[in-house]
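# Understanding the architecture of this molecule
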Amino acid sequence: EAALDGLGLAHARLSALDAGPVPEVVVVDRVGVLGDLYAVADLAYVGGGFGTKGLHSVLEPAAFGAPVLFGPRHANAREAAGLIDAGGAFEVTAESELAARLCTLLSDEGERAAAGEAARGYVQAGLGAAERGAEVVERLLGRR
């Protein structure tokens, strides 16, 4: 929040929002609401890509058609590389790169929409993977 103040960005904690106007940035301070937020998001920055514990789920925002941004430490998330290759996600390695990518995506509706559709398409292309995997296991066990 101090960094947002320093950048001059209007912000509020989600828990403090009322029915009034929504600020430029909402700081999510509750659990269990990300799906609802991704459903109305223009884009999503997913945390964990700069830390040591690993990248959080990139598929949730992608499924809602939100372009996804994250830090460089995403080797633990195969989907992150897949989304990048599909054009639905962007790896950023520094604050300046994150700021530049955010500005581009927020100011260029066409690029943002194309990236969002690429993200949604990547998720849709993978639908049914668990069922296909279960069929392989059943065949190997001689049940099919």
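Position labels on residues start from 1 in each chain and follow its written sequence. Since the coordinates come from a predicted model, pLDDT governs what is reported: local features require at least 70, and pairs of side-chain atoms require 80 or more to be given and counted, while whole-chain, interface and lining totals use all residues. To get the side-chain values, take all heavy atoms of the structure and skip hydrogens and water.

This next bit is on the packing of helix α4 (residues 78-86) against helix α6 (residues 109-125). As a packed pair, α4 and α6 sit with axes 9 Å apart at the nearest point and diverge in direction by 130°. What the angle tells us is that α4 and α6 run oblique. Crossing hand, α4 versus α6: right-handed. Contact with α4, carried on its side by Arg-78, Glu-79, Gly-82, Leu-83 and Ala-86, involves Ala-118, Ala-119 and Tyr-122 of α6 and no other residues of that element. To define axes, lines are fitted to C-alpha atoms, for helices over the stretch in contact only, and angles between the resulting N-to-C directions are given on a 0 to 180 degree scale. Secondary structure follows DSSP: runs of H or I at least 4 residues long count as helices, runs of E at least 2 residues long count as strands, and numbering of each begins at the N terminus. Roughly parallel here means an angle under 35 degrees, roughly antiparallel means over 145, roughly perpendicular means 65 to 115, and every remaining angle is called oblique. Handedness of a helix crossing follows the sense of rotation of the near helix relative to the far helix, less than a right angle counterclockwise being left-handed and clockwise being right-handed. Contact definition: two residues touch when any of their heavy atoms are within 4.5 Å.

What follows deals with the layout of surface pockets. Note on definitions: the grid is 1 Å and covers protein atoms alone; a cavity is a set of points where a 1.4 Å probe fits but cannot get out; a pocket is an open set with protein on both sides within 12 Å along at least five of seven lines; lining residues have an atom within 4 Å of a point. Grid points are joined across faces, edges and corners, and a volume is the space filled by probe spheres set on the points. In this model, the largest pocket occupies a volume close to 1,500 Å³. Along its surface, the largest pocket is lined by 34 residues, and Glu-24, Val-25, Val-26, Leu-43 and Tyr-45 are the ones closest to its centre. Secondary-structure elements contributing two or more residues to the lining of the largest pocket are α1 (2-7), β2 (25-27), α2 (34-39), β3 (44-45) and α5 (95-107). If one sorts the elements of the lining of the largest pocket by residue count, α5 sits on top with six residues. Residues belonging to the lining of the largest pocket are distributed by class as follows: 26 nonpolar, three polar and five charged. As a volume, the second largest pocket reaches approximately 180 Å³. Surrounding the second largest pocket, Leu-59, Arg-78, Glu-79, Tyr-122, Val-123, Gly-126 and Ala-129 form its lining. Elements supplying a minimum of two residues to the lining of the second largest pocket: α4 and α6. Each residue is assigned to one of three groups, with Ala, Val, Leu, Ile, Met, Phe, Trp, Tyr, Cys and Pro labelled nonpolar, Asp, Glu, Lys and Arg labelled charged, and all others, Gly among them, labelled polar.

Limitation: the analysis is restricted to geometry and does not speak to function.
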